[in-house]
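Below are the chains, spelled out letter by letter.
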Amino acid sequence: MLGWAYDLQRPINLFISSADQLFSPITSVRCPSQPIKHIPWITFTLKTANWEHVNDMQMIIFDANKIQHLFSSDDQLALWHAIPTIKEFQTTWETKRDLDKYVLYKVALNCVLKKIAKYYSKFDEKDIYVLALVLHPYYKLTYIKMAWGGADEQRKEIEAGNMNAKDWHDEAMKMVEKTVKEYWNNCRDSIAGDVDQQYSRSNHDSSHPLKSEYDRHCRQLLEKTAIQVNTGRWKEEFRHYLTEIPSDVSKETNIIAW
């Protein structure tokens, strides 16, 4: 069963078989010093083998069409799809390229794969792609280590002669830690401002015993939080997030809702 292509074979061939009588030849050509040559419609009749090629192309293009829809969601952010989806797309076409069934398209697939590799290799230049992936609980940093490699892969590449090889897992870890630290410091500054503001209020409202007591309570809580922030607790929370494996997530998990 070759799929939808054969569904078109009969009506198209039926049209072609009668088109010469209805519309005259599809075109006429004349080479220098040669008689006019009329090209009939029947020349373009597709044989069974031709329809197999059409169906093959449909199967190849289907892979690209499938991933395109992943980036057109109206319900959730899709940026985290970029790295794993393009990698899956690349692997799928590499597999097809090496199959005997698609040997006719090997040259074309190689050209496309070079283009995909060109852009895939640039994902590490934009922090947002790695950050979006790490924030998805199904992938986190483990995917980077498996897809891009870690210390072991770096060592093997260096032994093979690539002295510029990188530990991509470590590179991603440093980048994410830098971002988390910056975010945490911003929170710390915000909390410090809240503490000062709360302290100012409690002094101003000292004539109201109950309210003043509550203000002092809030100030103590804020100061406790500020101490936790200043002691670098972000590292503990970050490591816990990376090592925790939630049981309620999958590839399709809505990252914002989660």
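Residues numbered from 1 in each chain as written. Predicted model: local features only at pLDDT ≥ 70, side-chain atom pairs only at ≥ 80, totals over all residues. Heavy atoms only, no water.

- As recorded in an unreviewed UniProt entry, the chain goes by hAT-like transposase RNase-H fold domain-containing protein and comes from Scleroderma citrinum Foug A.

## Looking at the nonpolar core
Here comes step 1: Residues Ile-83 and Val-130 are the most contacted members of the largest nonpolar core, which totals 35 residues.
Here comes step 2: Every element with two or more residues in this core is listed here: helix 2 (48-70), helix 3 (82-97), helix 4 (106-120), helix 5 (127-134), helix 6 (142-148), helix 8 (168-204) and helix 10 (233-243).
Here comes step 3: Residues in contact with Val-130, not counting those within four places in the same chain, are Ile-83, Trp-148, Ala-172, Met-175 and Val-176. (Core = buried A, V, L, I, M, F, W, Y, C linked by side-chain atoms within 4.5 Å. Buried < 20%, exposed > 50% of the residue type's maximum accessible area, 1.4 Å probe, protein only. Helix = DSSP H or I, 4+ residues; strand = E, 2+ residues; numbered from the N terminus. Contact = heavy atoms within 4.5 Å.)

## So, the packing of helix 3 against helix 5
Here comes step 1: Interaxial distance between helix 3 and helix 5 falls to 8 Å at its minimum, and their mutual angle equals 95°. Put simply, helix 3 runs roughly perpendicular to helix 5. Of the residues in helix 5, those in contact with Ala-82, Ile-83 and Pro-84 of helix 3 are Tyr-129, Val-130 and Leu-133.
Here comes step 2: For the contact of helix 3 with helix 5, the per-class residue count stands at six nonpolar, no polar and no charged. (Axes fitted to C-alpha atoms, helices over the stretch in contact; angles between N-to-C directions. Parallel < 35°, antiparallel > 145°, perpendicular 65-115°, else oblique. Nonpolar A, V, L, I, M, F, W, Y, C, P; charged D, E, K, R; others polar.)

## Quick word on helix 3
In an α-helix, one turn spans 3.6 residues; hence positions three or four apart end up facing the same way.
Here comes step 1: With 16 residues, helix 3 extends 22 Å between its outermost C-alpha atoms, agreeing within 8% with the 22 Å of an ideal straight helix rising 1.5 Å per residue.
Here comes step 2: Along helix 3, the positions that sit buried rather than exposed are Ala-82, Ile-83, Pro-84, Thr-85, Ile-86, Phe-89, Gln-90, Trp-93 and Lys-96.
Here comes step 3: Next to the buried residues of helix 3 lie helix 2, helix 4, helix 5 and helix 6. (Expected span 1.5 Å × (residues − 1).)

## Examining a nonpolar patch on the surface
Here comes step 1: On the surface, Phe-15, Leu-22 and Phe-23 cluster together into a nonpolar patch covering about 330 Å² of accessible area.
Here comes step 2: Following the sequence through the fold, Phe-23 ends up in helix 1 (residues 4-23). (Patch = residues over 30% accessible without salt bridge, like charges linked within 9 Å, V, L, I, M, F, W, Y side chains within 5 Å. Areas by Shrake-Rupley, 256 points an atom, 1.4 Å probe, with all protein chains shown as cover. Salt bridge = Lys/Arg side-chain N within 4 Å of Asp/Glu carboxyl O.)

## Here we look at the pattern of salt bridges
Here comes step 1: Under the defined criterion, the tally for this structure stands at seven salt bridges.
Here comes step 2: In this structure, Lys-96 and Asp-63 form a salt bridge, with 3.0 Å as the shortest nitrogen-oxygen distance. In this pair, Lys-96 is assigned in helix 3 and Asp-63 in helix 2, connecting sequence segments 33 residues apart.
Here comes step 3: Judged by its relative accessible area of 12%, Lys-96 is buried.
Here comes step 4: What makes Asp-63 buried here is its relative accessible area of 7%.
Here comes step 5: Between Asp-170 and Lys-174 there is a salt bridge, with its nearest N and O atoms 3.3 Å apart. Highlighted residues: Asp-170 and Lys-174, both in helix 8, separated by four residues, approximately one helical turn.

## Considering the packing of aromatic side chains
Here comes step 1: Scanning the entire structure with this criterion turns up nine aromatic pairs.
Here comes step 2: Aromatic side chains Tyr-120 and Phe-123 sit 5.6 Å apart centroid to centroid with 90° between the ring planes, which places their arrangement in the edge-to-face category.
Here comes step 3: Given the relative accessible area of 10%, Phe-123 is considered buried.
Here comes step 4: Ring centres 6.3 Å apart and planes at 90° place the aromatic pair Tyr-120 and Trp-148 in the edge-to-face group. Pair noted here: Tyr-120 is in helix 4 and Trp-148 is in helix 6, with a separation of 28 residues, a long-range link.
Here comes step 5: In this structure Tyr-120 comes out as buried when scored by relative accessible area, which is 10%.
Here comes step 6: Taking relative accessible area as the criterion, Trp-148 reaches 16% and is therefore assigned buried.
Here comes step 7: What links up through ring pairs into an aromatic cluster is the set Tyr-120, Phe-123, Tyr-129, Trp-148 and Trp-168.
Here comes step 8: Over the ring of Tyr-102 we find Lys-101, and its NZ or CZ is 5.6 Å from the ring centre.
Here comes step 9: When the ring centre of Tyr-241 is taken as origin, the NZ or CZ atom of Lys-140, which lies over that ring, is 4.2 Å away. (Phe/Tyr/Trp six-rings, centres within 6.5 Å; stacked < 30°, edge-to-face > 60°. Lys NZ or Arg CZ within 6 Å of the ring centre and 35° of its normal.)

## Considerations on unusual backbone geometry
Here comes step 1: With phi around 65°, Ser-33 is a residue other than glycine that occupies positive phi space.
Here comes step 2: Here Ser-33 shows up in the loop between strand 1 (27-29) and strand 2 (37-39).
Here comes step 3: Positive phi outside glycine occurs at Lys-140, with the angle close to 50°.
Here comes step 4: Looking at the element boundaries, Lys-140 is found in the loop between helix 5 and helix 6.
Here comes step 5: Residue Lys-140 is classed as buried on the basis of its relative accessible area, which comes to 3%.

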